[in-house]
Amino acid sequence: MSGGKGAVGPRIRRERRTMAAMMRIYCRDQHGGDEPLCEECAALLDYAHRRLGSCPFQELKPACSHCEVHCYSAARRERVKAVMRYAGPRMLWRHPWLSLWHLHDKRRRVPRLEVRRRS
Ligand SMILES: [Zn+2]
């Protein structure tokens, strides 16, 4: 498939930005990291970015918390959930625009996986 780097659309790129912003908030407060993130958070972010790159929904992607395709391994999923729980509410102040987009995404219907069969 067309899985090269940089092949993702604006939707996925925005998700990546949101994810990176959340990780920065979390890492700075919890681990004293920031720019760059601590090693652990950098690895988690890298993983999340790769998962987004191979999300079968791509531009139709629902909010991850509503998605029925559990593409994260159980352990990573727990870690990312912790990051979101912590950074989510704080995002509103630092990145209001990204937060609003995220709320909007949460209201969108989860598409059926048939999208994938488009070739
Ligand atoms: Zn960290």
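Position numbers for residues start from 1 in each chain and track the written sequence from start to end. Only residues with pLDDT of at least 70 are given local features in this predicted model, and only at 80 or more are side-chain atom pairs given and counted; all residues enter the totals for whole chains, interfaces and linings. Heavy atoms throughout the structure, all of them, feed into the side-chain values; hydrogens and water do not.

Per an unreviewed UniProt entry, the protein is named Nitrous oxide-stimulated promoter, and its organism is Imhoffiella purpurea.

## Here we look at the packing of aromatic side chains
For clarity, the cut-off: Stacked, tilted and edge-to-face are the three classes assigned to paired rings of Phe, Tyr and Trp, where Trp is represented by its six-membered ring and a pair needs centres within 6.5 Å; plane angles under 30 degrees give stacked, over 60 edge-to-face, the rest tilted. Comment: elements are numbered from the N terminus, with helices defined as DSSP H or I runs of at least four residues and strands as E runs of at least two. Only protein chains enter the area calculation, which uses a 1.4 Å probe; residues under 20% of their type maximum are buried, those over 50% are exposed, and those in between are partly exposed. For a lysine, the NZ atom is tested; for an arginine, the CZ atom; a charge sits over a ring if that atom is within 6 Å of the ring centre and within 35 degrees of the ring normal.
In the structure shown here, the tally under the stated rule is 2 aromatic pairs. Here the aromatic rings of Tyr47 and Tyr72 are separated by 5.4 Å at their centres, their planes lie at 90 degrees, and the arrangement is edge-to-face. Of this pair, Tyr47 sits in helix H2 (residues 39-53) while Tyr72 sits in the loop between H2 and helix H3 (74-94), and the two are 25 residues apart along the sequence. You'll find Tyr47 and Tyr72 in the same group, each marked buried. The ring of Tyr86 has Arg90 lying over it, and the distance from NZ or CZ to the ring centre is 3.7 Å.

## Quick word on the packing of H2 against H3
Helix-helix packing is described using two parameters, namely the angle between the two axes and the distance between the axes. Test applied: Helix axes are fitted to C-alpha atoms over the stretch in contact, other axes to C-alpha atoms as well, and angles between N-to-C directions run from 0 to 180 degrees. Here is the rule for angles: anything less than 35 degrees is roughly parallel, anything more than 145 is roughly antiparallel, 65 through 115 is roughly perpendicular, and the remaining ranges are oblique. Contact definition: two residues touch when any of their heavy atoms are within 4.5 Å. In this classification, Asp, Glu, Lys and Arg are treated as charged, Ala, Val, Leu, Ile, Met, Phe, Trp, Tyr, Cys and Pro as nonpolar, and every other residue, Gly included, as polar.
Direction vectors running N to C along H2 and H3 enclose 105 degrees, while the axes themselves pass 11 Å from each other. In terms of orientation, H2 and H3 fall into the roughly perpendicular class. The residues of H3 that touch H2, namely those facing Glu40, Ala43, Leu44 and Tyr47, are Arg76, Arg79, Val80 and Val83. Its residues placed into classes, the contact of H2 with H3 shows 5 nonpolar, no polar and 3 charged.

## Re helix H4 (residues 96-106)
Cut-off, in case you're wondering: Throughout, the arc means that of the directions going from the helix axis to the C-beta atoms.
Taken as a whole, H4 has its buried residues at Leu98, Ser99, His102 and Asp105. Seen from one end, H4 has its buried residues packed into an arc of 115 degrees, which puts them on one side. On its buried side, H4 packs onto helix H1 (10-31) and H3.

## Digging into the pattern of salt bridges
This is how the line gets drawn: Each salt bridge in this description consists of a side-chain nitrogen of Lys or Arg and a carboxyl oxygen of Asp or Glu lying within 4 Å of one another.
A full pass over the atoms with the stated rule returns 6 salt bridges. In this structure, the salt-bridge partner of Glu15 is Arg11, at a minimum N-O distance of 2.8 Å. You can see Glu15 and its partner Arg11 sitting in helix H1, 4 residues apart, about one turn around the helix. Each member of the pair, Glu15 together with Arg11, is buried. Lys61 serves as the salt-bridge partner of Glu15, at 3.5 Å between the closest nitrogen and oxygen.

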